[in-house]
Amino acid sequence: MRWGDFEVQRISDGYLWLDGGAMFGVVPRPLWEKKTRPDERHRIRLGLNCLLVRTPGKTLLIDTGCGHKYSPKEIDIYRIEHPTDVVRELERVGVKREDVDLVVNTHLHFDHCGGNTVQDGDRVVPTFARATYVVRKQELEDADHPNERTRATYFAHNWEPIRQSGRLEVIDGDREIVPGVRLLGTPGHTAGHQSVLIRSQGKTLLYIADLCPTSAHVPLPWIMGYDLFPLTTLETRHRLYRQAAEENWLIFFEHDPETFAGHLQRENGKYIVRPHFWED
């Protein structure tokens, strides 16, 4: 859809299914089950919603989904489903891999950067060979040195081939990467997590990533068990939610399989989401 001078397009990499209890942390199952129904293995269906942003001068892709570099065991555990993928979706809207100028990684968990690279024979190579990939310094350092808790979600083949190719740009702090597109530090899920603020002609869209993965997670205390720093998540949400509601930002939900975007409103001291119809 048009967004001021820009064009924005949801790019799906399919779906994965993660444990519902882990996705909702301390929220009791009788509450979160009203929002989403788990499968027989207690997993809930999540979208892999990336975002294509075409500005007058650049073509950007925000996050790249799971990709395809998984063993049968991993596919079974995470129930990764690919009725489509990032490359096919880009082709569907007339964008070739070599057309992408910038790839932004909000963080380096496998379900956000797995499509960064592809298997090419016995090698793993960048999917978008001409693009510059942008990641936060803190996130890269943590991904390079995982601990017992984080090791299961950081896979070096999703960023190491890019670094070796010289296409990895590491930033430290907030930055406008092209006019109207700004990277914001939004720590909590990880220390180096970032979101993307897109502004044009008075309209603002926030790609919030895992600070709030689905519309069901909008209530302030509905924080994932996967978040490494949940109290930091809460603090970051307080700060961004207030501004988003006051200025009527459109929030894009990376993992919601149905409600891709919405506007935050504050009612009776709580935040709710007013869904926005998003036409692909």
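Scoring rules and cut-offs
- For every chain, the first residue of its written sequence is number 1, and the numbers climb from 1 along that sequence.
- With the structure being a predicted model, the display of local features is reserved for residues of pLDDT at least 70 and the display and counting of side-chain atom pairs for 80 or more, all residues being used for whole-chain, interface and lining totals.
- Values shown for side chains rest on all heavy atoms present in the structure; no hydrogens or waters enter the calculation.
- Secondary structure follows DSSP: runs of H or I at least 4 residues long count as helices, runs of E at least 2 residues long count as strands, and numbering of each begins at the N terminus.
- We compute the radius of gyration over the C-alpha atoms and compare it with the globule rule, which gives 2.2 Å times the number of residues raised to the power 0.38.
- The classification of residues rests on relative accessible area computed with a 1.4 Å probe and restricted to protein chains. Under 20% of the type maximum is buried, over 50% is exposed, and intermediate values are partly exposed.
- The contact criterion used throughout is that any non-hydrogen atoms of two residues lie within 4.5 Å.
- Per-residue and other accessible areas follow the Shrake-Rupley method at a 1.4 Å probe size, with only the shown protein chains counted as cover for residues.
- Under this rule, positive means Lys or Arg and negative means Asp or Glu; His and the chain ends count for nothing.
- Throughout, a charge is located at the NZ atom of Lys, the CZ atom of Arg, the CG atom of Asp or the CD atom of Glu.
- Stacked, tilted and edge-to-face pairs are distinguished by plane angle, under 30 degrees for stacked and over 60 for edge-to-face with tilted covering the rest, among Phe, Tyr and Trp rings (Trp via its six-membered ring) whose centres lie within 6.5 Å.
- Charge-over-ring placement is defined geometrically: NZ (Lys) or CZ (Arg) within 6 Å of the ring centre, and within 35 degrees of the ring normal.
- Strands were regarded as paired on the criterion that DSSP finds at least two bridges between them.
- In this description, a line fitted to the C-alpha atoms serves as the axis of each element, helices being fitted only across the stretch in contact, and the angle between N-to-C directions of two axes falls anywhere from 0 to 180 degrees.

A.B. asks: Got a sec to walk through the overall build of the chain? Specific residues and values, please.
C.D. replies: Regarding its fold elements, the chain presents eight helices and 16 strands. Its C-alpha radius of gyration of 18 Å places the chain within 12% of the 19 Å reference for a compact globule of 280 residues. Overall size of the chain, expressed as C-alpha extent along the three principal axes, is 55 × 45 × 35 Å. Every one of the 280 residues in the chain was classed for burial, and the buried ones make up 55%. Long-range contacts, defined as pairs at least 24 residues apart, comprise 70% of the intrachain contacts of the chain with a sequence gap of at least 6. If you sum the accessible surface of the chain, you get close to 12,500 Å²; carbon and sulfur atoms cover 49% of it. Across the chain, the 36 positively charged side chains and the 41 negatively charged ones have centroids separated by 3 Å.

A.B. asks: Please give an account of the packing of aromatic side chains that cites residues and values.
C.D. replies: Each aromatic ring pair is described using two quantities: the centre-to-centre distance and the angle formed by the ring planes. Taken as a whole and judged by the stated rule, the model has eight aromatic pairs. Taking the centre distance of 5.5 Å and the plane angle of 5° together, the rings of Phe-24 and Trp-32 count as stacked. We note that Phe-24, like Trp-32, is buried. Centre to centre, the rings of Tyr-70 and Phe-110 are 5.9 Å apart; their planes meet at 65°, and the pair counts as edge-to-face. Here Phe-110 lies in helix H5 (residues 110–113) and Tyr-70 lies in the loop between strand E4 (59–62) and helix H3 (72–78), a separation of 40 residues in the sequence. When its relative accessible area of 13% is taken as the criterion, Tyr-70 is described as buried. On the basis of relative accessible area, Phe-110 is assigned to the buried category, the value being 4%. What links up through ring pairs into an aromatic cluster is the set Tyr-70, Tyr-78, Phe-110 and Phe-155. Its end group placed over the ring of Trp-17, Arg-79 keeps NZ or CZ at 3.7 Å from the ring centre.

A.B. asks: Give me the side chain of Thr-153: which residues, what numbers.
C.D. replies: One can find Thr-153 in the loop between helix H6 (137–144) and helix H7 (160–165). Not counting residues up to four positions away in its chain, the partners in contact with Thr-153 are Leu-108, His-109 and Phe-110.

A.B. asks: For the sheet that holds strand E16 (residues 270–275), give the residues involved together with the corresponding values.
C.D. replies: Pairing is mixed in the open sheet, where seven strands are placed in the order E10-E11-E12-E13-E14-E15-E16. This sheet does not close on itself; its edge strands, each paired only once, are strand E10 (175–178) and E16. Taking each pair of neighbouring strands and ignoring which way they run, the sheet shows an average axis angle of 30°. Bridge count between strand E12 (residues 194–200) and strand E13 (residues 203–207): five bridges; the pairing is antiparallel. Along E13, the bridge assignment pairs Ile-198 with Leu-205.

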